[in-house]
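Remarks on the overall topology
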Amino acid sequence: MGLGGCIILIAVGAILTFATDWHMHGVNLTVVGLILMAVGLIGVATFSGIARRRRVVVPPTTQVVEEEPRHHHRVDGYSDGYGV
């Protein structure tokens, strides 16, 4: 579940808790709303912890070594490789 799903859980829980006056036999909508808000908050905390861990940039441990240019000296006087 992503961050959007967690926010939806919080919103639905708040609506059930604070904005409804329905009375269902055997179901307490206030408690259901509180549970949904708690699960949404736990999801947001978990998601932000995972997202923070992914953003950590570790510098590379290998060093870049530049090679020296290769010089090919031909015996017949051509050093750029275009001679015959």
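Residues numbered from 1 in each chain as written. Predicted model: local features only at pLDDT ≥ 70, side-chain atom pairs only at ≥ 80, totals over all residues. Heavy atoms only, no water.

Considerations on the overall build of the protein
Our working rule: Only DSSP runs of H or I reaching four residues or more are called helices, and only runs of E reaching two or more are called strands; each is numbered from the N terminus. For every residue, the accessible area obtained with a 1.4 Å probe (protein chains only) is divided by the maximum for its type, and the residue is called buried under 20%, exposed over 50%, and partly exposed between those limits. For the area figures, the Shrake-Rupley method with a 1.4 Å probe applies, and any residue is considered shielded solely by the protein chains shown.
If you tally the helices and strands in the protein, you get two helices and zero strands. Here the protein holds 84 residues, and 14% of them are scored as buried. Per element, the accessible surface of the protein, about 7600 Å² overall, is 64% carbon and sulfur.

Some remarks on the environment of L36
Quick reminder of the rule: We call two residues in contact whenever any of their non-hydrogen atoms come within 4.5 Å of each other.
Its location among the elements puts L36 in helix α2 (residues 29-54). The spatial distance from the C-alpha of L36 to the C-alpha of G13 is 4.9 Å, given a sequence separation of 23 residues. What L36 contacts, discounting residues up to four positions off in sequence, is L9, I10, V12, G13 and L16.

Considerations on a nonpolar patch on the surface
Stated formally: Residues enter a patch when their relative accessible area is above 30% and they make no salt bridge; the linking distance is 9 Å between like charges and 5 Å between nonpolar side chains (Val, Leu, Ile, Met, Phe, Trp, Tyr). A pairing counts as a salt bridge when a side-chain nitrogen of Lys or Arg comes within 4 Å of a carboxyl oxygen of Asp or Glu.
Judged by side-chain polarity, L3, I7 and F47 come together as a nonpolar surface patch covering roughly 240 Å² of accessible area. Relative to the elements of secondary structure, L3 occurs in helix α1 (residues 3-18). Since its relative accessible area comes to 35%, L3 is described here as partly exposed.

As for the side chain of T17
For clarity, the threshold we go by: In protein, a polar contact means a hydrogen-donor-capable atom and an acceptor-capable atom, both N or O and within 3.5 Å, with residues adjacent in sequence counting only if both atoms are side-chain atoms; elsewhere, any N or O pair within 3.5 Å suffices.
For T17, the location among the structural elements is in helix α1. T17 gets classed as buried once you look at its relative accessible area, which sits at 13%. A polar side-chain atom of T17 sits 2.8 Å from the main-chain carbonyl oxygen of G13. Residues in contact with T17, not counting those within four places in the same chain, are L29, T30, G33, L34 and M37.

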